[in-house]
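Residues per chain are reported as follows:
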Amino acid sequence: MFGRSKKPTKKTAASPSAHHTQTTAVAARPPAQPAQRSWLSQLEGQFLISGQGVVMKVYIENFKRMNDLFGFEQCNALLDIVREYLERKTGCSVFRNIGVEFIIIMRNKTVKDAQQAAEQIIARFRENWIVEDKKFFCTAQIALCAYPGFPSSAGELLKYLDLAILSGTDRGSNQIVVYDNELHGQYLRRQAIAKNISTAITKEQVEISYRPIYSQRRGRFTRAELLMRLFIPEMGMIGSEEYLPIAEDTGQLRVVEYYMLNQAAAAIARLLEEGKKFESIAVSIPPSLLLHGDFIEEISQLIEEYQIPPKKLALEIDEFTAGSAYCDISVLLQNLSWLGVELVLDNFGSGSTGLSWIFELPVDTLKFNPSFVWQLENNKKSRPINEGLVQIARRMKKKLIASGVNTQRQKELLDHLGCDLQQGAFLSPIMPEQELMAILSR
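Reading the values: the criteria
Residues numbered from 1 in each chain as written. Predicted model: local features only at pLDDT ≥ 70, side-chain atom pairs only at ≥ 80, totals over all residues. Heavy atoms only, no water. Buried < 20%, exposed > 50% of the residue type's maximum accessible area, 1.4 Å probe, protein only. Helix = DSSP H or I, 4+ residues; strand = E, 2+ residues; numbered from the N terminus. Pairing = 2+ DSSP bridges. Axes fitted to C-alpha atoms, helices over the stretch in contact; angles between N-to-C directions. Parallel < 35°, antiparallel > 145°, perpendicular 65-115°, else oblique. Contact = heavy atoms within 4.5 Å. 1 Å grid on protein atoms, 1.4 Å probe; cavity = no way out; pocket = protein on both sides within 12 Å on 5 of 7 lines; lining within 4 Å. Points joined across faces, edges and corners; volume = space filled by probe spheres on them. Nonpolar A, V, L, I, M, F, W, Y, C, P; charged D, E, K, R; others polar. Arc of directions from axis to C-beta.

S.K.: What should I look at first to understand the pairing of strand β15 (residues 399–403) in this one?
M.R.: In the case of a regular strand, side chains alternate between the two sheet surfaces. Of all the five residues making up β15, four are buried; the element is thus mostly covered by neighbouring parts of the structure. As judged from the four bridges shared by strand β14 (residues 365–368) and β15, these two strands associate in the parallel manner. Within β15, the position partnered with phenylalanine 368 by the bridge is alanine 402. Summarising the sheet, β15 and strand β16 (residues 421–423) pair through three bridges and their orientation is parallel. Across the sheet, the residue bridging to alanine 402 is glutamine 422, located in β16.

Right under this line is the structure:
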C-alpha cells in the first residue's frame, strides 16, 4: 500500500525534519495595526459578553489594477465612498481592515438580515462608482459568519471569513458566501490534512504510482509521470490535487515535493538497473518551489546522488508559470537543461502565454492539457487551431504529449495529426511501479 524507495531519502533542508511551524490550512494574518484594534476589541467584546449577531466582510477585487490606472489618491477616495455607502446600507459601524477589506459587526442581526443587506451591496457593485467625475467599476466578495456558533473567538471568526471569501473567489466575482456547516466541514478536513502531511511523509504512508505515456511511433510505452497519494487518518488516501495546495499554504510544500523527486530518482535508478528502455520519469513542479533560490542546487545533488543520465528525469512546469515569471524562469530553465533535466511545458495551448515566448524557452517537450484533446474530438471549429499548434511544435523540433486521451476517436485524431506521445485512460490506467516495469519491457 505504501511506497518506499530502496535508497534512503537524503537529508536536505527539504526533508521532513526541516523547520516548519505553521500547520493550519489558512495562512496566518499579519499582526493587528492600530487602526484595527478598535474593531477587534469590539468584536472580542461580543464574545466576552455572550453577544450575538453576524459579521460581514466585504473584499474589493481588481483594486490593484484601478490603483495603477487612477493613482492612490483617487482610489483612496473611492474607498471612503464605499465605506460611507456600507454604513448607510447596514446602519452599522464599518471598519477598514487590511488593504481593501471592510469589516461590519451587525449586532443582534440574523444571517437572513445580513444576506438581504449583502444582496443590495452586491447589486451596487454591479454599477459604476463616481469619483471626481471619473467612473470606477470594481467587483466584490462578501462573507458572512454568525456568532456565537462556529467561532469561539474573534480570531477564529476572522479566519472563517477569510475561508468564505476564498470560496467565493473560486465561484466568480460578486459572490455572497455564508460560513456554514459545509464550509466548516471543509475547514476541519483541511486542518486534519495539514496536521498529517509531514507525518505521512516521515512514516512513508504514501502510495506512489505512475501514469504511463504511449509512443505511437514506437508502438509501446516509453515514459511515465509519477503521482503520489498520502494516507490521512480517518480519510484514507488523498490525491495531490487536494493536499498540494494545503502543503503550500502551510509551509510543507518542500517536504512533499522533494520526497516525490527522491522517489522519482530512485525509480529511474531501479529501471536502469533492470535494463528497461524508457525515455524519462516526470514530476510536476509547482511554481513556488521552482522559483526557490536553492532549487537548482537541490536538483544537481539529486542527479549526482542517483547517477541519473541526461534527460531521464523530467520536470513538468505549467505554462502559466512560464508566462508569469518569464524573466526569472528562462535563466532557471536553461540551468536545469544544462544539468541534463528534460523540461516539459504542461498545459501548452491554454493561452496563458504567447507562443513567441514559449518557443524561446529551453523546453524539450510540450504537453497539451485534456481540454485540447476534448476540443479536437468535439469542436470541429477548433481543429485548424489545434492542427496549427501541432505543426508549429513539430517544426520547432519539440516533442509533444497529449494528455487526457480517453476514447478511440481521440487517439485516431491524434495519430492523424502526428502527435506521437499520448497519455490517458484509454491507453493505460494509473499503475504501481512493478506494472510499469512490465509494460516498459514490452
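Next, the rest of the story.
S.K.: Would you take a moment to explain unusual backbone geometry for this structure?
M.R.: Backbone geometry follows two general trends: most residues other than glycine have a negative phi, and most peptide bonds adopt the trans configuration. A cis amide bond links tyrosine 147 to the next residue, proline 148, at an omega of -10°. Among the structural elements, proline 148 can be located in the loop between β6 (140–147) and α5 (154–171). Even without glycine at this site, asparagine 108 takes up a positive phi of about 60°. Positioned with a positive phi, lysine 311 is a non-glycine residue whose angle comes to about 70°. One can find lysine 311 in the loop between α10 (295–306) and β12 (313–318).

S.K.: Help me out: how do you make sense of the packing of helix α14 (residues 370–378) against helix α16 (residues 408–417) in this one?
M.R.: The relative placement of two packed helices comes down to the angle between their axes together with the axis-to-axis distance. Look at α14 against α16: their axes get within 9 Å of each other, and the N-to-C directions meet at 95°. The angle between the axes of α14 and α16 places the two elements in the roughly perpendicular class. Contacts between α14 and α16 pair Phe372, Val373, Trp374, Leu376 and Glu377 from the former with Arg409, Gln410, Leu413, Leu414 and Leu417 from the latter.

S.K.: I keep staring at the sheet that holds strand β7 (residues 175–178) and nothing clicks. Help me out?
M.R.: Hydrogen bonds along the backbone pair up the strands of a sheet, which may run parallel or antiparallel. Ordered in space as β2-β3-β1-β6-β7, the five strands form an open sheet in which the pairing is mixed. Of all strands in the sheet, those bounded by a partner on one side alone are β2 (94–96) and β7. Direction aside, neighbouring strands of the sheet carry axes that sit 20° apart on average. One ladder, built from three bridges, connects β2 with strand β3 (residues 101–107); its direction is antiparallel. Its bridge partner being in β3, phenylalanine 95 is matched across the sheet by isoleucine 103.

S.K.: Got a minute to help me understand the layout of surface pockets in this structure?
M.R.: To find the voids left in a structure, one rolls a probe of water-molecule size over its atoms. By volume, the largest pocket amounts to about 550 Å³. Together, 26 residues line the largest pocket, and Glu225, Ser240, Leu244, Ser284 and Asp346 are the ones closest to its centre. Where the lining of the largest pocket is concerned, the elements lending two or more residues are β8 (206–215), β9 (220–232), α7 (240–249), α8 (253–273), β12, α11 (319–324) and β13 (342–348). The leading source of residues in the lining of the largest pocket is β9, at five residues. Residue composition of the lining of the largest pocket, by class: 11 nonpolar, six polar and nine charged.

S.K.: Just to check I follow, could you spell out α14 for this structure?
M.R.: Think of an α-helix as turning once every 3.6 residues; residues three or four places apart then point the same way. Those residues of α14 that fall on the buried side of the exposure criterion are Phe372, Val373 and Leu376. Take α14 and look down its axis: the buried residues cluster within an arc of 95°, on one side only. Looking at the buried side of α14, the elements it contacts are β14, α15 (383–395), β15 and α16.

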